[in-house]
Amino acid sequence: MMNQIVRCPTMSEVFSLAEGDAGLRKKVVDAASYLTDGETYSVRVRLADLRLALHREDWTRVSDELRSMQLDDEAVLMTLDNPAEVHDEDREASVDVAGERRHIVYFAPPGGR
């Protein structure tokens, strides 16, 4: 029996597969899954990292989708409380929710929180 080398796909390969008919919501969840090594649910995802992973998408549309996911109980957008943790890329990727800038997102498992 030969040992096979298994190669993990690159992020661009993962997203090129999803670009067909996949909706934006699926792309967002897929990107979060990639960033968290498959531990998508109940794991903090920095919006700056998500923005980088979804660089081909319009961030305004992604922000709108994240707000919609929060309304649908599929995600929770939160603020980084420690100012030392907030960098320029976090501020640039932040999503406005009721006048407050949110820097991270937690995704809820299917069926809500």
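First, a word on scope: everything that follows refers to the structure included in this document.

Conventions adopted
Residues numbered from 1 in each chain as written. Predicted model: local features only at pLDDT ≥ 70, side-chain atom pairs only at ≥ 80, totals over all residues. Heavy atoms only, no water. Helix = DSSP H or I, 4+ residues; strand = E, 2+ residues; numbered from the N terminus. Buried < 20%, exposed > 50% of the residue type's maximum accessible area, 1.4 Å probe, protein only. Polar contact = N/O pair within 3.5 Å; in protein donor to acceptor, adjacent residues only side chain to side chain. Contact = heavy atoms within 4.5 Å. Salt bridge = Lys/Arg side-chain N within 4 Å of Asp/Glu carboxyl O. Core = buried A, V, L, I, M, F, W, Y, C linked by side-chain atoms within 4.5 Å. Pairing = 2+ DSSP bridges. Axes fitted to C-alpha atoms, helices over the stretch in contact; angles between N-to-C directions. Parallel < 35°, antiparallel > 145°, perpendicular 65-115°, else oblique. Nonpolar A, V, L, I, M, F, W, Y, C, P; charged D, E, K, R; others polar.

What follows concerns the side chain of Arg 102. As for its position among the elements, Arg 102 is in strand β4 (residues 100-102). On the accessibility criterion, Arg 102 (15% relative accessible area) is buried. One polar contact links the side chain of Arg 102 to the main-chain carbonyl oxygen of Leu 77, over a distance of 2.8 Å. Those residues in contact with Arg 102 that sit more than four places away from it in its chain are Leu 47, Leu 77, Met 78, Thr 79, Ser 94, Val 95 and Val 97.

Attention now goes to the pattern of salt bridges. Here the structure, examined in full by the defined rule, presents twelve salt bridges. For Lys 27, the salt bridge goes to Glu 57, with nearest N and O atoms at 3.0 Å. Highlighted residues: Lys 27 in helix α2 (residues 24-35) and Glu 57 in the loop between α3 (47-53) and α4 (59-71), separated in sequence by 30 residues. In this structure Glu 57 comes out as buried when scored by relative accessible area, which is 18%. A salt bridge links Asp 96 to Arg 101, with the nearest nitrogen and oxygen atoms 3.6 Å apart. The exposure class of Asp 96 is partly exposed, given its relative accessible area of 30%. Residue Arg 101 is classed as partly exposed on the basis of its relative accessible area, which comes to 38%. Via salt bridges that share partners, Arg 25, Glu 65, Asp 72 and Glu 74 belong to a single interconnected network.

Here we take up the nonpolar core. General note: in soluble globular proteins, nonpolar side chains tend to be found buried as a group. In terms of nonpolar packing, the biggest core is built from 21 residues, with Val 28, Leu 47, Leu 50, Leu 66, Val 105 and Phe 107 touching the most fellow members. Elements that contribute at least two residues to this core include exactly α2, α3, α4, β2 (75-78), β3 (95-97) and β5 (104-107). Those residues in contact with Phe 107 that sit more than four places away from it in its chain are Val 28, Val 29, Ala 32, Thr 40, Tyr 41, Ser 42, Val 45, Leu 66, Met 69, Glu 74 and Ala 75.

Taking strand neighbours across the sheet as the criterion, the three strands line up as β1-β5-β2 in an open arrangement whose pairing is antiparallel. For this open sheet the edge positions go to β1 (45-46) and β2, each flanked by a neighbour on one side alone. Note: β2 against β5, four bridges, orientation antiparallel. Bridging across to β5, Val 76 finds its partner in Tyr 106.

In this section: the packing of α2 against α4. Interhelical geometry of α2 versus α4 gives an angle of 85° and a closest axis separation of 10 Å. It follows from the interaxial angle that α2 and α4 lie roughly perpendicular. Two secondary-structure elements touch here, α2 through Leu 24, Arg 25, Val 28 and Val 29 and α4 through Arg 61, Val 62, Glu 65, Leu 66, Ser 68 and Met 69. Looking at the contact of α2 with α4, its residues break down into six nonpolar, one polar and three charged.

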